[in-house]
Amino acid sequence: MNDEPCPVARSVDLIGDRWSLLIVRDAFDGMRRFGDFQGSLGVARNILSDRLRKLVEAGILETQDASDGTAYQEYVLTVRGESLFPIVVALRQWGEQHLFKRGERHSVLLDKRTGKPVPRMAPQAKDGSMLLPAATEVRKVT
């Protein structure tokens, strides 16, 4: 971990590269095995091994024996890793809004209970109103 005083910078240092975020995305989608991650991402084995190792060291993923009783290891999200869910959803929703042409094919995140798309995320003030960037400030704490 670096000594950067900015939480955004520290977060990006840890999970901000393409492969790490896509591994976390795939873990949320239920992937657990090295081969499944590699097949989904098309990433070189050495890069995948490195990112998985870093995510385990950071406490975002942990390894466990395969659930089917084979000799394989599986990668599962920890509580710390699961807390990245809003980040992945926010990136997904931003991409859906800004990076696809109208009618262009893409995936959608659905609420399993209702079958409906997950509502758009937005920061909220304490009273529940939408919090816009101009209504916030960064203050250094010690």
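The notes below deal with the structure included here.

Reading the values: the criteria
- Along each chain, residues carry numbers from 1 onward, in the same order as the chain's sequence is written.
- The predicted nature of this model means local features are confined to residues of pLDDT at least 70 and side-chain atom pairs, given and counted, to a pLDDT of 80 or more, with totals for whole chains, interfaces and linings taken over all residues.
- Just so you know, side-chain values use all the structure's heavy atoms and leave hydrogens and water out.
- Two joining distances apply to patches: 9 Å for like charges and 5 Å for nonpolar side chains (Val, Leu, Ile, Met, Phe, Trp, Tyr), and every residue must have over 30% relative accessible area and no salt bridge.
- For accessible areas, the Shrake-Rupley method is used with a probe of radius 1.4 Å. Any residue's cover is judged against the shown protein chains and nothing else.
- Here a salt bridge means any side-chain nitrogen of Lys or Arg lying within 4 Å of a carboxyl oxygen belonging to Asp or Glu.
- A run of H or I in DSSP becomes a helix once it reaches four residues, and a run of E becomes a strand once it reaches two; helices and strands are each numbered from the N terminus.
- Burial status follows relative accessibility: with a 1.4 Å probe on protein chains alone, a residue under 20% of its type maximum counts as buried, one over 50% as exposed, and anything between as partly exposed.
- An arc is given here, and it is the one of the directions from the helix axis to the C-beta atoms.
- Residues are treated as being in contact if the distance between any of their heavy atoms lies within 4.5 Å.
- Working definition of a nonpolar core: buried Ala, Val, Leu, Ile, Met, Phe, Trp, Tyr and Cys residues. They are joined through side-chain atoms within 4.5 Å.

Before going further, it helps to spend a moment on a nonpolar patch on the surface. A contiguous nonpolar surface patch, about 330 Å² in accessible area, is contributed by Trp-94, Leu-99 and Phe-100. Tracing the chain through its elements places Trp-94 in helix 6 (residues 85-98). Using a relative accessible area of 47% as the deciding quantity, one classes Trp-94 as partly exposed.

For the rest of this paragraph, the subject is helix 3 (residues 34-41). Among all positions in helix 3, only Phe-34, Phe-37 and Leu-41 are buried. The buried residues of helix 3 occupy an angular sector of 70° when the element is viewed end-on, so they sit on one face. Lining the buried residues of helix 3 we find helix 2 (18-28), helix 4 (45-57) and strand 2 (73-77).

Right, let's talk about the nonpolar core for a bit. Core analysis: the biggest nonpolar cluster contains 19 residues, and Ile-23, Leu-52, Ile-60 and Leu-61 have the highest contact counts within it. Of all the secondary structure elements, the ones that give two or more residues to this core are helix 2, helix 3, helix 4 and strand 2. Per element, the largest residue contribution to this core is four residues, and it comes from helix 2. Setting aside residues no more than four positions away along its own chain, Leu-61 makes contact with Ile-23, Ala-27, Leu-52, Leu-55, Val-56, Tyr-75, Val-76, Leu-77 and Thr-78.

Side chains that differ in sign of charge can pair as their charged atoms come close. According to the stated counting rule, one finds twelve salt bridges in the structure shown. Across the pair Arg-51 and Asp-50 runs a salt bridge, and its minimum N-O distance is 3.1 Å. Pair check on accessibility: Arg-51 and Asp-50 agree, each one buried. Arg-92 serves as the salt-bridge partner of Glu-96, at 3.5 Å between the closest nitrogen and oxygen. Pair noted here: Glu-96 and Arg-92 are both in helix 6, with a separation of four residues, about one helical turn. On the basis of relative accessible area, Glu-96 is assigned to the partly exposed category, the value being 22%. Each of Asp-17, Asp-50, Arg-51, Arg-53, Lys-54 and Glu-57 takes part in salt bridges that share partners, so that together they form one network.

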